[in-house]
Amino acid sequence: MASVEVTRGDITDERVDAIVNAANESLLGGGGVDGAIHRGAGPELLAECRLLGGCDTGDAKATSGYCLPARWVIHTVGPVWRGGGRGEPELLDSCHRRSLDVAREVGARSVAFPAISCGLYGYPPELAAAVAVTAAREHGHDLELVRFVLFGDRAYDAFAAAASG
Ligand code: APR
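Residue numbers restart at each chain and count upward from 1, following the sequence in its written direction. pLDDT decides what is reported in this predicted model: residues at 70 or higher carry local features, side-chain atom pairs at 80 or more are listed and counted, and totals for whole chains, interfaces and linings draw on all residues regardless. Here the side-chain values reflect all heavy atoms present in the structure, with hydrogen atoms and water set aside.

Trainee: Please explain the sheet that holds strand β5 (residues 110-113) as it appears in this structure.
Mentor: With mixed pairing, 6 strands are arranged side by side in an open sheet as β1-β6-β5-β2-β4-β3. Strands at the two margins of the open sheet, each flanked by one partner only, are β1 (3-8) and β3 (60-64). Across this sheet, the average inter-strand angle for adjacent strands is 25°, counted without regard to direction. Across 2 bridges, the pairing between strand β2 (residues 18-23) and β5 is parallel. Pairing of Ile-19 across the sheet is with Ala-112, part of β5. Pairs of strands are assigned from DSSP output, requiring at least two bridges between the strands. Working definition: helices are DSSP H or I runs of at least four residues, strands are E runs of at least two. Numbering for both runs from the N terminus. Every angle, taken between N-to-C directions, lies between 0 and 180 degrees, and every axis is a line fitted to C-alpha atoms, over only the stretch in contact when it is a helix.

Written out as structure tokens, the structure is:
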């Protein structure tokens, strides 16, 4: 059973085996976490992403981490929040479970997640945190550490509250 941690910070600084990227279906980069990870990894990351043929919402694919401290980047595509009645919770749960599966497949023992979908995609952090922490606890077996790395007070408070329950 993985230990689940919540911390503030920039996920590109995380010294874990794998960091999770909040990507889009093209996997060709973007802003937010996606932009920070591509800047930190360097241009080889985009070159590898081009070979992956995109990623469906709710799915996850791994690449090398290149210049990042993390050995792997696990790219997942979260749902855009449309009010909660369009399968968003199930897709967000799938992002976390698939990312944990891919982490196991590559042999990662420690994984750091950002608050997937909680930025541009508009998912309320309080609702996302419950989904994310539950998935980590239910599906994080075999891993030593699952760490949520949050920007900003609202996301941090939401994930800290979810993890204390
Ligand atoms: N480290 C940790 N968390 C970060 C970082 C960082 N360096 N940068 C941003 N965040 C936080 C945001 O504050 C937000 O809480 O990550 C969360 C996710 O926000 P986004 O990066 O906007 O991701 P998301 O909401 O899933 O939207 C994905 O945005 O960047 C594009 O290409 C991406 O189209 C995709 C969309």
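Right, picking up where we left off after that structure.
Trainee: Just checking my understanding: could you explain the packing of aromatic side chains for this structure?
Mentor: What describes a pair of aromatic rings is the distance from one ring centre to the other and the angle between the planes of the rings. Only Phe, Tyr and Trp rings take part, Trp by its six-membered ring, and two of them pair if their centres are within 6.5 Å. Stacked means planes under 30 degrees apart, edge-to-face means over 60, and tilted covers everything else. Taken as a whole, this structure holds 3 aromatic pairs when the rule is applied. Ring plane angle 45° and centroid distance 5.2 Å describe the contact between Phe-148 and Phe-159, whose orientation is recorded as tilted. Linking Phe-148 in strand β6 (residues 145-150) with Phe-159 in helix α5 (residues 153-164), this pair joins segments that are 11 residues apart in sequence. Exposure class is identical for Phe-148 and Phe-159. Each is buried. An aromatic cluster is defined as three or more aromatic residues linked by ring pairs; in this entry it consists of Phe-113, Phe-148 and Phe-159. For every residue, the accessible area obtained with a 1.4 Å probe (protein chains only) is divided by the maximum for its type, and the residue is called buried under 20%, exposed over 50%, and partly exposed between those limits.

Trainee: Where do I start with the environment of Ala-112 in this structure?
Mentor: Mapping Ala-112 onto the fold places it in strand β5. Considering only alpha carbons, one finds Ala-112 and Val-73, 39 residues apart in sequence, at a separation of 9.7 Å. Here Ala-112 is in contact with Ile-11, Glu-14, Val-16, Ala-18, Ile-19, Val-20, Arg-147 and Val-149, once residues within four sequence places are set aside. The contact criterion used is simple: two residues touch if any of their non-hydrogen atoms lie within 4.5 Å.

Trainee: Is there a simple way to explain helix α4 (residues 125-139) in this structure?
Mentor: Note that an α-helix has 3.6 residues per turn; residues three or four places apart therefore point the same way. What a helix should span is 1.5 Å times the count of its residues minus one. The terminal C-alpha atoms of α4, which comprises 15 residues, lie 20 Å apart, in line with the 21 Å expected from a rise of 1.5 Å per residue. Looking only at α4, the buried set comprises Pro-125, Ala-128, Ala-129, Val-131, Ala-132, Val-133, Ala-135, Ala-136 and His-139. Against the buried residues of α4 lie β1, α3 (88-106), β6 and α5.

Trainee: Quick question: what am I supposed to make of the layout of surface pockets here?
Mentor: Considering only enclosed or pocket space, the largest pocket measures out at about 590 Å³ in volume. Together, 28 residues line the largest pocket, and Ala-22, Gly-32, Val-33, Asp-34 and Gly-119 are the ones closest to its centre. Put simply, the parts of the chain that give the lining of the largest pocket at least two residues each are β2, α1 (32-41), β4 (72-77) and β6. Here the lining of the largest pocket gets 4 residues from one element, more than from any other, and that element is α1. The class makeup of the residues in the lining of the largest pocket is 16 nonpolar, 10 polar and 2 charged. Grid points spaced at 1 Å and placed over the protein atoms alone form the basis of the search, with a cavity being a set where a 1.4 Å probe fits but cannot get out and a pocket an open set showing protein on both sides within 12 Å along at least five of seven lines. Lining residues have an atom within 4 Å of a point. Grid points are joined across faces, edges and corners, and a volume is the space filled by probe spheres set on the points. Each residue is assigned to one class: nonpolar for Ala, Val, Leu, Ile, Met, Phe, Trp, Tyr, Cys and Pro, charged for Asp, Glu, Lys and Arg, and polar for all the others, Gly among them.

Trainee: I keep staring at the pattern of salt bridges and nothing clicks. Help me out?
Mentor: A pair can form between side chains of opposite charge whenever their charged atoms are brought close. A pairing counts as a salt bridge when a side-chain nitrogen of Lys or Arg comes within 4 Å of a carboxyl oxygen of Asp or Glu. All chains considered together, the criterion is met by 11 salt bridges. Among the ionic pairs, Arg-147 bridges to Glu-5, the shortest N-O distance being 2.8 Å. Here Arg-147 is found in strand β6, whereas its partner Glu-5 is found in strand β1, with 142 residues between them in sequence. The exposure class of Arg-147 is buried, given its relative accessible area of 19%. The residue Arg-109 makes a salt bridge to Glu-144 at a minimum N-O spacing of 3.4 Å. Placement of the pair is Arg-109 in the loop between α3 and β5 and Glu-144 in the loop between α4 and β6, with a sequence separation of 35 residues.

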